[in-house]
Amino acid sequence: KFLPTDLSDRWIVPALCRYLSFHQLRVFHGNNEYRLQLRADLQSVLQLEQDTHQRPLHHRHHHFELDPHYSVDNVCYQWMAKKGRLVLVMLEQCIGKQNIQKILMQMFIDANASEERAIDDLYSINYLQRCIKRITGKEMRGFLEQWLMTAGVPKFEVSFTYNRKKSCVEFNISQSLLASDTTIDRSDTESASKRKPARFTGPLLLRIHETDTAYAH
């Protein structure tokens, strides 16, 4: 019931499982443990991207050789689960916690309804995009294409200085890409050598912790 039919959508189920299990961890163990595990996933995905998995989570035109009977111990499975979960966390920040809860509920409702009526693309990126559009009214095509259909992850280097004259903190942020030569492209005829990763774009949250409170920018 909870298995996608397309090989390129196999990241969805392990990502959903990890996303939900870590929210349960947050309830029982608190925000500090949740953030610690979130950071651990970030570092693990970064290392996996550097070592082996230089490819997008979802690739429409190229089916990668994934073991159909992968287990929890499989490195590729762990990569899909961790990176997919991080994408869902970012999606939650973009559309709100209540909306993503509604999307997950709709997915489970449709999974149960699929026994009575056929839903060919259940648990696919197209299905996810339709759910987001139906519940939030937002087009998240750019977000999904950037984080699911593009290989690699961005790496940020942040430095700061305190400007005494202006009484403010000034940040210097640079982005480097950990990606292979391949990014998703809708044209099958385009040479792979021309597919270069663009810089990742989107909102970036910086939080300054002072003695009394924290300020987000």
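Bear in mind the structure is a predicted one, so any value in this text is a computation, not a measurement.

Asks: Sorry if this is basic, but what is going on with a nonpolar patch on the surface here?
Replies: Together, Phe156, Val158, Phe160, Tyr162, Val169, Phe171, Ile173 and Leu204 make up an exposed nonpolar region whose accessible area comes to about 730 Å². Secondary structure elements with two or more residues in the nonpolar patch: strand S1 (153–163) and strand S2 (168–178). Take Tyr162: it is sitting in strand S1. By relative accessible area, which is 47% here, Tyr162 ends up partly exposed.

Asks: Before we go on, may I ask you to explain the nonpolar core in this structure?
Replies: The nonpolar side chains of soluble globular proteins are, as a tendency, buried together. Trp11, Leu91 and Met107 are the most contacted members of the largest nonpolar core, which has 40 residues in total. Where this core is concerned, the elements lending two or more residues are helix H1 (12–51), helix H2 (75–95), helix H3 (97–113), helix H4 (125–136) and helix H5 (141–148). Broken down by element, this core gets its largest block of residues, 10 residues, from H1. Those residues in contact with Leu91 that lie beyond four places of it in its chain are Gly96, Ile100, Ile132, Met140 and Phe143.

Asks: Would you explain the pattern of salt bridges in this entry?
Replies: Note on pairing: side chains with opposite charge can pair once their charged atoms come close. Going through the model one piece at a time under the given rule, you end up with 3 salt bridges. Measuring nitrogen to oxygen at the nearest pair gives 2.9 Å for the salt bridge that ties Arg18 to Asp41. A single burial state applies to Arg18 and to Asp41, both of which are buried. Two residues, Lys133 and Glu139, come together in a salt bridge whose shortest N-O distance is 3.7 Å. Linked by salt bridges that have partners in common, Arg18, Asp41 and Arg85 make up one network.

Asks: Sorry, what's going on with the environment of Arg55 here?
Replies: Examined against the element boundaries, Arg55 turns out to sit in the loop between H1 and H2. Along the chain, Arg55 and Thr150 lie 95 residues apart, while their C-alpha atoms are 7.3 Å from each other.

Asks: What am I meant to see in the confidence of the model for the protein chain here?
Replies: Parts of the prediction with low pLDDT should not have their coordinates interpreted in detail. Per-residue pLDDT for the protein chain has a mean of 77; in total, 75% of the residues score no lower than 70. For residues 62–67, every residue scores under 50 in pLDDT, and the model assigns this stretch 13 contacts once sequence neighbours within four places are set aside. Low confidence marks residues 180–196, where pLDDT is under 50. Its contacts with residues over four positions away, or in another chain, come to 32 contacts.

Asks: How should the environment of Leu86 be read in this particular structure?
Replies: You can see Leu86 is positioned in helix H2. The sequence separation of Leu86 and Leu38 amounts to 48 residues, and the corresponding C-alpha distance is 7.9 Å. When near neighbours in sequence (up to four residues on either side) are disregarded, Leu86 contacts Leu38, Asp41, Leu42 and Val45.

Asks: What should I look at first to understand the packing of aromatic side chains in this one?
Replies: Describing an aromatic ring pair means giving the distance of the ring centres and the angle of the ring planes. In this structure the tally under the stated criterion is 2 aromatic pairs. Their ring planes at 40 degrees and their centres at 4.8 Å tell us that Trp147 and Phe200 sit as a pair that is tilted. Here Trp147 is found in helix H5, whereas its partner Phe200 is found in the loop between S2 and strand S3 (207–209), with 53 residues between them in sequence. Phe200 shares its class with Trp147; the two are buried. Here Phe160 and Phe171 contribute two aromatic rings whose centre-to-centre distance is 6.2 Å and whose plane-to-plane angle is 50 degrees, an arrangement assigned as tilted. Highlighted residues: Phe160 in strand S1 and Phe171 in strand S2, separated in sequence by 11 residues. Of the residues examined, Phe160 reaches a relative accessible area of 59% and is grouped as exposed. Stacked on the ring of Tyr34, the Lys or Arg Arg26 has its end atom at 4.2 Å from the ring centre. We note Arg85 situated over the ring of Phe22; from NZ or CZ to the ring centre the distance is 4.1 Å.

Procedures and definitions
Residues numbered from 1 in each chain as written. Predicted model: local features only at pLDDT ≥ 70, side-chain atom pairs only at ≥ 80, totals over all residues. Heavy atoms only, no water. Patch = residues over 30% accessible without salt bridge, like charges linked within 9 Å, V, L, I, M, F, W, Y side chains within 5 Å. Areas by Shrake-Rupley, 256 points an atom, 1.4 Å probe, with all protein chains shown as cover. Salt bridge = Lys/Arg side-chain N within 4 Å of Asp/Glu carboxyl O. Helix = DSSP H or I, 4+ residues; strand = E, 2+ residues; numbered from the N terminus. Buried < 20%, exposed > 50% of the residue type's maximum accessible area, 1.4 Å probe, protein only. Core = buried A, V, L, I, M, F, W, Y, C linked by side-chain atoms within 4.5 Å. Contact = heavy atoms within 4.5 Å. pLDDT = per-residue confidence, 0-100. Phe/Tyr/Trp six-rings, centres within 6.5 Å; stacked < 30°, edge-to-face > 60°. Lys NZ or Arg CZ within 6 Å of the ring centre and 35° of its normal.

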